[in-house]
Amino acid sequence: MRLPIRYKIILPFAVLLVFVGVVGSGVATARLTDAAAAKFDADLLHSSLLANQSVAQVEAARLADLRLATDTVGVPESLAANDRDALVRLLTPIAANVNTAKIQLRVLDLHGTEVVRIQGSREGAAPVDITDASEYATEPAVISVLGGEHDPVAGDRRLFLSSHAEPMLYWTGAVRTPDQRIVGAVLVGESLAEIAAGIDGSAFYDPSGKLLASALPNPPVAMDSVRRQVTSQMTIRPTVDESHPGHAYWALFSTWTMRGTQFGFLAVQANADSLLSSVMQVRLILTLVFTAAALLTLLVGSATASLLTRPIEGLVLAMRVVSAGNLHHRASVTSKDEIGYLAQAFNEMTASLEEKTAALEETTFASMEALARAIDARDPSTFG
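Fair warning: this is a prediction, and the values are worked out from it, not measured in the lab.

**Quick word on the packing of aromatic side chains**
One pass over the full model with this rule turns up six aromatic pairs. Centre to centre, the rings of Tyr 136 and Phe 160 are 5.6 Å apart; their planes meet at 55°, and the pair counts as tilted. You can see Tyr 136 sitting in the loop between strand 3 (124-127) and helix 4 (140-146) and its partner Phe 160 sitting in strand 4 (residues 157-162), a full 24 residues away along the chain. Its relative accessible area of 3% is what places Tyr 136 among the buried residues. For the pair Tyr 136 and Tyr 170, a centre-to-centre distance of 5.2 Å together with 55° between the ring planes defines the contact as tilted. Taken together, the residues span a long stretch of sequence, with Tyr 136 in the loop between strand 3 and helix 4 and Tyr 170 in strand 5 (residues 168-176) at a distance of 34 residues. For Tyr 170, a relative accessible area of 1% translates into the label buried.

**Considering the pairing of strand 1 (residues 103-109)**
In terms of burial, strand 1 is largely enclosed, as six of its seven residues are buried. Strand direction decides the pairing type here: strand 1 and strand 2 (residues 114-121), joined by five bridges, are antiparallel. Bridge pairing links Gln 104 to Gln 119 in strand 2.

**Considerations on the nonpolar core**
Residues Leu 105, Phe 204 and Trp 256 are the most contacted members of the largest nonpolar core, which totals 46 residues. When residues in this core are grouped by element, the largest group, nine residues, is from helix 1 (residues 5-71).

Calculation criteria
Residues numbered from 1 in each chain as written. Predicted model: local features only at pLDDT ≥ 70, side-chain atom pairs only at ≥ 80, totals over all residues. Heavy atoms only, no water. Phe/Tyr/Trp six-rings, centres within 6.5 Å; stacked < 30°, edge-to-face > 60°. Helix = DSSP H or I, 4+ residues; strand = E, 2+ residues; numbered from the N terminus. Buried < 20%, exposed > 50% of the residue type's maximum accessible area, 1.4 Å probe, protein only. Pairing = 2+ DSSP bridges. Core = buried A, V, L, I, M, F, W, Y, C linked by side-chain atoms within 4.5 Å.

Structure follows, in structure tokens:
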């Protein structure tokens with residue numbers, strides 16, 4: 001199939017335009033997406049730092065409560081004498097004064113048997129019945145505290161995670177008499193769910209990736225590939241976004257470390273709908289701009305191709321008329337470019353051809369007349 005010259009002119013530019021448009025849109029969108037994602041990641045990192053800072057503040061507050069409970073005058077003597085009423089009287093105000101959280105105060109004797117349990121809340125504090133007095137007698141942290149062991153990082157205070165009924169963090173310290181004799185231990189506990197509720201967009205996981213507590217309606221999944229990469233110096237955002245019906249969420253995982261021990265992982269999550277929406281808007285704008293530019297370019301290209309091919313078409317038509325025998329016809333192209341020069345040369349060639357044809361006809365007619373005269377001269381009877 002013969003392809004008109006105007007299409008031969010337009011087609012390469014159309015292909016180049018499509019290539020540049022697609023590649024340019026892709027590169028521009030990728031750069032803008034990376035810039036927006038970097039800003040979003042920075043905000044996530046800031047949220048992660050704030051979450052870890054909040055965890056550290058919770059720990060400092062509970063350690064202060066623990067120190068107050070173990071160092072209150074009369075507590076060592078009452079514990080040594082197994083005076084439960086005196087312990088309740090001395091420790092209840094401490095639990096009641098913690099109006100920022102719901103805590104538990106558990107008092108253990110030297111054998112790890114629970115003597116007193118006080119449940120604190122924002123409304124006050126009161127002793128509660130002890131269901132299992134030996135619940136924490138075999139806990140390694142409790143045994144270390146009752147044994148007077150000193151850790152280079154944690155000192156003589158220990159922290160452990162209990163999941164008997166619900167995940168609870170317990171800070172424990174020894175109760176010592178004035179002569180530094182250990183007579184028991186105090187446990188200050190706070191629900192991990194309450195800690196998570198106090199940190200916006202956070203979730204706590206154990207080392208195996210099991211979700212322990214979260215204030216999020218759709219907490220992210222701590223995948224094996226993510227947990228393997230998270231270290232104390234590195235936070236990880238999963239390469240696959242945690243998406244939910246109608247919404248998109250991005251999460252950032254970091255280690256959950258307290259008193260030198262990693263208890264698991266801490267994740268913060270943020271809604272990425274605004275980010276993805278802005279990226280889609282930028283992509284749409286770029287698509288519209290490149291589409292409009294493509295249409296405008298094709299329109300201008302088509303008009304330019306028509307201007308270029310119209311004189312050629314006129315020249316071709318003139319050639320057909322001349323080739324049909326009309327040597328008087330001339331091309332009407334008057335442009336000053338190469339096509340005009342070609343038309344002028346064609347017209348000169350046609351004029352020359354017309355002159356030579358006329359001269360040839362004259363010569364032919366003269367030859368025929370001379371031949372006729374010669375024949376007439378040979379036979380006078382038939383002359384004329």
